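# A look at the structure
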Amino acid sequence: MSAAAKSVDSKPKKRKDLARGNAIAGYLFISPFIIGFLVFLVYPLAQSLYMSFCQTDLGDGITYTWKGLEHYRYLFLSDPDYTKLLLQELQKMAIYVPSILVFSFFMAILLNQEFKGRTFVRAVYFLPVILASGVMIGLETNNSLLAGMQDVIAKDNTATSITQTLKDILLTGENGNKFFETIIDIVDQVYDIAIASGIQIIIFLSGLQTISPSMYEAATIEGCTAWESFWKITFPMISSLILVNVVYSVVDFFTRSDSALMEKVSDTMMVDFNFGRTAAMSWIYFVIIIAILGIVSLVISKRVYYYD
Amino acid sequence: MIKVKKQKETKAPKPVKQPLKKRWADFWERNRKSENYLLKKKIAGFFYRLCRGILIFGLCFLILQPLLTKISLSFMEEQDLYDSTVISIPRHFSVSSYQLAWKMLKGLKAFGISLLISLLVAIAQVISCTLVGYGFARFKFPLKNFWFACVILVIIVPPQTLFAPLYIWFSKFDIFGIIKLIKGESLTLLGSLWPYVIMCLGCAGYKSGLYIYLLRQHFRNEPKELEEAAYVDGCSRMRTFVQILLPGATPILTSCFLFSFVWQWTDVTYSRIFFTISSGWYTVTNGLKGLVENLDAYFKTIYGQSFKITSALGNQVLSTGMLMAIIPLLCIYVFAQKNFVESLSSTGIKG
């Protein structure tokens, strides 16, 4: 090889060195995650999958006896609560997630407008993210001793709520049907929905702020009404965030610790020490979540419009 | 970071106010010319703003109402609880429920432990997640997309799935048998702070995936020229990161720290598996969970077994306890509200 060729060769080589250096540096930077991921996620997941097929006995250390699908069979066929709780959870999700989305989208549009006291209102709407996380939210209803006492109170409580009265009126009429009941249920739960949609409002708000005002201006000059410009500008521009919010809401809904199902899982482990069954329960749950997320994001991502 | 800045309205010098009568006449004149369009528009605008105001502040009240009720409830004396004429302002002012709740939560020690854990977790999480987030944002390496998909997986996996294995894992902690070789037996890390720290350093703590995602989003939006200039001047990669990029990331780091702190403070799932009852570690939230039962037991030791606390009193002390647990968070939120809200909206989250 001649000297001239060598000098031409050396340039790509240098670039290669840089690329390799970058690759090594990149791996070094993310190494905490890789280690943590393998040690605290992959390994426990694999172990819990194995456990779910086994009978575990806590003695001196843990002994596993292979049982095959017994735990799954028990949960689906003989456990009185599990399938019921699971179905309830799914049903609740089917109502919750869409209403959270609609609510937070609506609120984000309102909060994006100019009015007095906007900072205060934003602060209040975001407050539940801080305060209603973890145990705080389920504490009052989940307390076993209090729950018993509250039943007694509820029995001789004659006060009625407005929604209850409305419900009575609407449902005694001819148009009393399932649809109305669902709507009334949602209205009844507006507090829970408002509390659960703090992050989603912020995400939508951030999306709304990136839409340039000149678009609306152009649309108005062309004779577009506010309604049209909402569907033709705001909605497509924000559609990618709808996907983010759906995923976030679904995950948030399933991982909150105050659901009855989570209580059951937690109790099976900490009270009964039945690790195998706990693992089986969580795996069923996990697979369902993944399936829902997969379907939802597949459906939505086809309709999402990316501006840049 | 691309921020749509609010255009400052250049304030025109205030026009001299004309007398009301003149303006009124002027308005009607213009209204007549536009064939009542102006009047209709004004009225519609007014009603729109009224409805919006009622809706927004009504919902605000809805969110704040439980908090306000708890505050007023906590200052009542027991006899006020049964008095149906007392609704929100206590007739007999007292702080006895605070004393009871403080005693039941084991006051100072529980708060100290909660604070310690939350601080440790927040610091460990911010350090590891920043490194990882930066790595994902700036370097090209093989399998990058695969690893990022793993981050998303970390967000999705419900922590409950991992409980049982983690419990066993930490009760007999060992890394490939190394510790057993040295000490003769594996370590029991349950009932200590180590599980928290190790998990957070490994980016597997509570909501770690979310922080990685946010920080990556932030670093991606920083101009690349900053680093290139540093590299040209012969700065190493680590030094560039620490000296050039970190100072610019202070707002997002603070908010990740705050989120981590707050969410750890209210978390009960991890402390429930990591702290066994015998270990002597307990957090405020753990105390809250069993507060009413404790209260019942406490009164039984004083007044004998037949004594049963009323639901009103139990509720009151519980809500006071919740208030006490929330107060530190409220203080943080009031001072750092901007950090929580703005940082999230300015990262430019994209699907």
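None of the values given here were measured: they were computed from a predicted structure. (Residues numbered from 1 in each chain as written. Chains lettered and ligands numbered in written order. Predicted model: local features only at pLDDT ≥ 70, side-chain atom pairs only at ≥ 80, totals over all residues. Heavy atoms only, no water.)

### Some words on the domain arrangement of chain A
Residues and elements named next belong to chain A. The test is simple: An automatic or database domain assignment is the source of the domain bounds shown. Only heavy atoms enter the contact rule, under which two residues are in contact if any of them lie within 4.5 Å. For any pair of parts, buried area is found by adding up, for both, the accessible area (1.4 Å probe) each one loses once the two are put together. By convention in these notes, a salt bridge is any Lys or Arg side-chain nitrogen within 4 Å of a carboxyl oxygen on Asp or Glu. Ten residue types, Ala, Val, Leu, Ile, Met, Phe, Trp, Tyr, Cys and Pro, are classed as nonpolar, four, Asp, Glu, Lys and Arg, as charged, and the remainder, Gly among them, as polar.
Along its sequence, chain A is carved into domain 1 (3-51) and domain 2 (80-301). At the interface, four residues of domain 1 touch five residues of domain 2. Both faces considered, domain 1 and domain 2 share a buried interface measuring about 400 Å² in area, 78% of it formed by carbon and sulfur atoms. For the pair domain 1 and domain 2, the interface holds zero salt bridges. For the side of domain 1 that touches domain 2, a count of residues per class yields three nonpolar, one polar and no charged.

### Side note on the interface of chain A and chain B
Short version of the rule: N or O atoms closer than or at 3.5 Å make up a polar contact, with two conditions inside protein: a donor-capable atom paired with an acceptor-capable one, and, for residues adjacent in sequence, both atoms drawn from side chains. Where helices and strands are cited, they refer to DSSP runs of H or I of at least four residues and of E of at least two residues respectively, numbered from the N terminus.
Across the contact, 96 residues belong to chain A and 94 residues belong to chain B. In total, chain A and chain B occlude about 8400 Å² of area from one another, counting both sides; carbon and sulfur atoms represent 77% of this. At the junction of chain A with chain B, the criterion picks out one salt bridge. Its salt-bridge partner being lysine 207 of chain B, residue aspartate 252 of chain A comes within 3.9 Å of it at the nearest N-O pair. Summed over the shared surface of chain A and chain B, the number is seven residue pairs in polar contact (both at pLDDT 80 or more). Broken down by element, the residue count for the side of chain A that touches chain B peaks at 23 residues, all from helix H1 (residues 3-51) of chain A. Here the residues of the side of chain A that touches chain B sort into 64 nonpolar, 22 polar and 10 charged.

### Structural notes on empty space enclosed by the protein
Going by this rule: The way it works is a 1 Å grid over only the protein atoms, where trapped points that fit a 1.4 Å probe form a cavity and open points with protein on both sides within 12 Å along at least five of seven lines form a pocket, and then any residue with an atom within 4 Å of a point lines it. Grid points are joined across faces, edges and corners, and a volume is the space filled by probe spheres set on the points.
Counted according to the given criterion, the structure contains seven cavities of 30 Å³ or more. For the largest cavity, the calculated volume is near 320 Å³. In terms of lining residues, the largest cavity is bounded by 21 residues, among which Val154, Ile155, Val157, Pro159 and Lys207 of chain B are the most central. If you list the elements that add at least two residues to the lining of the largest cavity, you get H1 and helix H12 (226-255) of chain A together with helix H6 (144-156) and helix H10 (208-221) of chain B. Examining the composition of the lining of the largest cavity, we find that four residues originate from one element, H12 of chain A, more than from any other. Grouping the constituent residues of the lining of the largest cavity by class yields 15 nonpolar, four polar and two charged.

### Focus: the packing of helix H10 (residues 198-210) of chain A against H12 of chain A
Residue and element names in this part refer to chain A. Threshold: Lines fitted to C-alpha atoms define the axes, with helix axes restricted to the stretch in contact, and inter-axis angles between N-to-C directions lie between 0 and 180 degrees. Should an angle lie under 35 degrees it is considered roughly parallel, over 145 roughly antiparallel, and from 65 to 115 roughly perpendicular; all remaining angles are considered oblique. Crossing handedness follows the turn of the near helix against the far one: under a right angle anticlockwise gives a left-handed crossing, and clockwise gives a right-handed one.
Between H10 and H12, whose axes approach to 9 Å, the crossing angle comes to 155°. Relative to H12, the element H10 lies roughly antiparallel. Seen along the crossing, H10 lies across H12 with a hand that is right-handed. Of H12, the residues touching H10 (which contributes Ile199, Gln200, Ile203, Phe204, Gly207 and Leu208) are Thr234, Ile238, Leu241, Ile242, Val244, Asn245, Tyr248 and Ser249. In terms of residue class, the contact of H10 with H12 is made up of nine nonpolar, five polar and no charged.

### So, the pattern of salt bridges
Once their charged atoms are close, side chains differing in charge can pair, the charge on each being opposite to the other. All names here are of chain B. Short version of the rule: Summary of the burial criterion: residues with accessible area below 20% of their type's maximum are buried, those above 50% are exposed, and those between are partly exposed, where the area comes from a 1.4 Å probe applied to protein chains only.
Applying the stated criterion across every chain, the model contains three salt bridges over all chains. For arginine 32, the salt bridge goes to glutamate 29, with nearest N and O atoms at 3.1 Å. Of the two residues, arginine 32 and glutamate 29 both sit in helix H1 (residues 20-33), three residues apart, roughly one turn of that helix. For arginine 32, a relative accessible area of 58% corresponds to the exposed category.

### Here we look at the side chain of arginine 216 of chain B
Looking at the secondary structure, you find arginine 216 of chain B in helix H10. A residue is classified by how much of its surface remains accessible, and arginine 216 of chain B, at 12% relative accessible area, is buried.

### So, a nonpolar patch on the surface
Residues and elements named next belong to chain B. In plain terms, the rule: Patch membership requires over 30% relative accessible area and the absence of a salt bridge. Like charges are linked within 9 Å, and nonpolar side chains (Val, Leu, Ile, Met, Phe, Trp, Tyr) within 5 Å. All accessible-area figures derive from a Shrake-Rupley calculation using a 1.4 Å probe, and residue coverage is judged against the displayed protein chains alone.
Side chains of Ile43, Phe46, Phe47, Leu50 and Ile54 sit close together on the surface and give an oily, nonpolar patch of about 500 Å² of accessible area. In this structure, isoleucine 43 sits in helix H2 (residues 37-74). Judged by relative accessible area, which is 42%, isoleucine 43 ranks as partly exposed.

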